[in-house]
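Residue-level structural notes
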Amino acid sequence: MKFVRYELNGRSPQIGLVVDNELIDLSGVAPSMHAVINLSEEGMAMIAQHANSSPRIPLQEVKLLAPLLPRRNIMCLGKNYADHAREMQADQNATVELPTVPMIFTKATTTVSGPTDPIPFDPQVSTDIDWEVELAVIIGKEGKNIPAEQAMEYVFGFTVLNDVTARDLQQQGKQFFKGKSLDGYCPTGPWIITRDELPNPHDLDVRCLVNGVEKQASNTRNMIFDIPFTIAYLSRGMTLLPGDIIATGTPDGVGAARTPPEFLRPGDVLTSIVEGVGELRNLVTAV
Ligand code: MG
């Protein structure tokens, strides 16, 4: 199933189910995406039943919003694709240093925006705005010390995420947090696709385009640490909660690693695609 948060005629955000380019309103069934994630199997069956007997709205008549507003920071993998680790290394002739344990940083909850929301550009804050398309995992149930073999059972679904980064701010300090956490620097969506619809999340093309020009093109099979390993690692001694978002890392092709470096400018259109999941289209907008 594909779950969305949406807005129709300026009314408050609602939850919906997308079927064949049409939307079924679930506001009477689930008040929030967190409620959807916490539904029991019976609850899910109820939704399927509701979907069969409810009116449908053409998808283009609604505005899709960020599918999930997380309750705590988004957990992100850094350098989880070897080619990206290589391109970010200062000395391109040196042997590439790949992480031997997952490199985890976080983005503030206030970064999260929707699949067509603008990416704010304020030259007073940063001028080195970079792209990082990623597959994001949505945790479905609480767990601690989750064995890798059982980790996928803790996944509710997936979404597309762009870990938009202010490189100048990222490089100024020792921690990534500030450069990763500007408002609107985490477009997500267009929906959460449930795990059952994506039986192999480790064989999906991942692409990022700027103004229609391809900048990143890889496949999730190239991740260094796969999703089960990452969930096992993160949950060791640390409880994962339903609704947690894990960004699985970006492949090579980011702007900062290009010669000369390329960064987003007002008017640029950033397209982020994960095969079988969906597509984001965000306009960089001066504020
Ligand atoms: Mg990233």
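Everything that follows concerns the structure shown earlier in this document.
Residues numbered from 1 in each chain as written. Predicted model: local features only at pLDDT ≥ 70, side-chain atom pairs only at ≥ 80, totals over all residues. Heavy atoms only, no water.

1. Quick word on the overall build of the chain
- Secondary structure assignment for the chain yields six helices and 19 strands.
- Taken against the 2.2 N^0.38 rule, which gives 19 Å for 287 residues, the C-alpha radius of gyration of the chain at 19 Å falls within 12% of a compact globule.
- Each of the three principal axes of the chain carries a C-alpha extent, and together these read 60 × 45 × 30 Å.
- Across the chain, every contact between residues at least 6 apart in sequence was considered, and the portion connecting residues at least 24 apart equals 76%.
- Of the roughly 12,800 Å² that the chain leaves accessible, carbon and sulfur atoms contribute 49%.
- Taking the average location of the 24 positive side-chain charges in the chain and that of its 35 negative ones, the two points are 4 Å from each other. (Helix = DSSP H or I, 4+ residues; strand = E, 2+ residues; numbered from the N terminus. Rg over C-alpha atoms; globule rule 2.2 N^0.38 Å. Contact = heavy atoms within 4.5 Å. Areas by Shrake-Rupley, 256 points an atom, 1.4 Å probe, with all protein chains shown as cover. Lys, Arg positive; Asp, Glu negative; His and termini not counted. Charge placed at Lys NZ, Arg CZ, Asp CG, Glu CD.)

2. Brief notes about the coordination of the magnesium ion
- Ligation of the magnesium ion by protein atoms is provided by Glu 132 (OE), Glu 134 (OE) and Asp 163 (OD), these donors lying 2.0 to 2.1 Å from the ion.
- Sequence spacing of the donor residues for the magnesium ion, all on one chain, is E-x1-E-x28-D. In this pair, Glu 132 sits in the loop between strand S10 (129-130) and strand S11 (133-139) while Asp 163 sits in the loop between strand S12 (155-162) and strand S13 (165-166), placing the two residues 31 residues apart along the sequence. The pair formed by Glu 132 and Asp 163 is uniform in burial state, with each residue classed as buried. (Donors = N, O, S within 2.8 Å, 3.2 Å for Na, K, Ca; no water. Buried < 20%, exposed > 50% of the residue type's maximum accessible area, 1.4 Å probe, protein only.)

3. Here we look at the nonpolar core
- Counting residues in each nonpolar core, the largest one holds 49 residues, and the members touching the most others are Tyr 6, Val 62, Leu 135, Phe 158, Ile 231, Leu 270 and Val 277.
- Of the residues forming this core, the biggest block, four residues, is contributed by S11.
- A domain split of this core shows at least three residues from each of domain 1 (2-64) and domain 2 (74-286).
- Non-local contacts of Leu 270, meaning those with residues more than four positions away in its chain, are made with Ile 119, Trp 131, Asn 162, Val 164, Cys 208, Leu 209, Val 210, Leu 264, Leu 280, Arg 281 and Asn 282.
- Counting residues in hydrophobic clusters, the runner-up holds 26 residues, among them Ile 37, Ala 51, Cys 76 and Ala 247. (Core = buried A, V, L, I, M, F, W, Y, C linked by side-chain atoms within 4.5 Å. Domains from an automatic or database assignment.)

4. Points about the side chain of Lys 180
- With respect to the element layout, Lys 180 can be found in helix H5 (residues 177-180).
- A polar contact is formed between the side chain of Lys 180 and the side chain of Glu 132, at a distance of 3.2 Å. (Polar contact = N/O pair within 3.5 Å; in protein donor to acceptor, adjacent residues only side chain to side chain.)

5. Details of the packing of aromatic side chains
- Under the defined criterion, the tally for this structure stands at three aromatic pairs.
- Relative to Phe 229, the ring of Phe 225 lies with its centre 5.3 Å away and its plane at 20 degrees, an arrangement referred to as stacked.
- Directly above the ring of Tyr 154 sits Lys 141, whose terminal nitrogen or CZ lies 4.6 Å from the centroid. (Phe/Tyr/Trp six-rings, centres within 6.5 Å; stacked < 30°, edge-to-face > 60°. Lys NZ or Arg CZ within 6 Å of the ring centre and 35° of its normal.)

6. Considering the side chain of Thr 159
- Along the chain, Thr 159 turns up in strand S12.
- Separated by 3.1 Å, the side chain of Thr 159 and the backbone oxygen of Gly 189 make a polar contact.
- If we skip the residues at most four places from it in the chain, Thr 159 touches Pro 67, Glu 134, Leu 135, Ala 136, Ile 138, Thr 188, Gly 189, Pro 190, Trp 191 and Val 277.

7. Quick word on helix H2 (residues 41-52)
- The end-to-end C-alpha separation of H2 is 17 Å, in line with the 16 Å expected for twelve residues at 1.5 Å each.
- All of the buried residues along H2 are Gly 43, Met 44, Ile 47 and Ala 51. Burial along H2 is one-sided: seen end-on, the buried residues are contained in an arc of 100 degrees. Exposed and oriented more than 90 degrees from the buried face of H2 are Glu 41, Glu 42, Gln 49 and Asn 52.
- The elements touched by buried residues of H2 are strand S1 (2-7), strand S2 (14-19), strand S3 (22-25), helix H1 (33-37) and S12. (Expected span 1.5 Å × (residues − 1). Arc of directions from axis to C-beta.)

8. As for helix H6 (residues 227-235)
- The element H6 is largely enclosed, with a buried count of seven among its nine residues.
- Among the residues of H6, those classed as buried are Ile 227, Pro 228, Thr 230, Ile 231, Ala 232, Leu 234 and Ser 235.
- Buried positions along H6 lie against strand S6 (74-78), strand S7 (103-107), S11, S12 and strand S17 (245-247).
- Where H6 starts, the residue carrying a side-chain oxygen 3.0 Å from the main-chain nitrogen of Phe 229 turns out to be Asp 226.
- One or two positions beyond H6, positive phi appears at Gly 237, with a value near 75 degrees.

9. Describing the environment of Thr 271
- Counting through the fold element by element, Thr 271 comes out in strand S18 (residues 269-274).
- If we skip the residues at most four places from it in the chain, Thr 271 touches Arg 207, Cys 208, Leu 209, Glu 279, Leu 280 and Arg 281.

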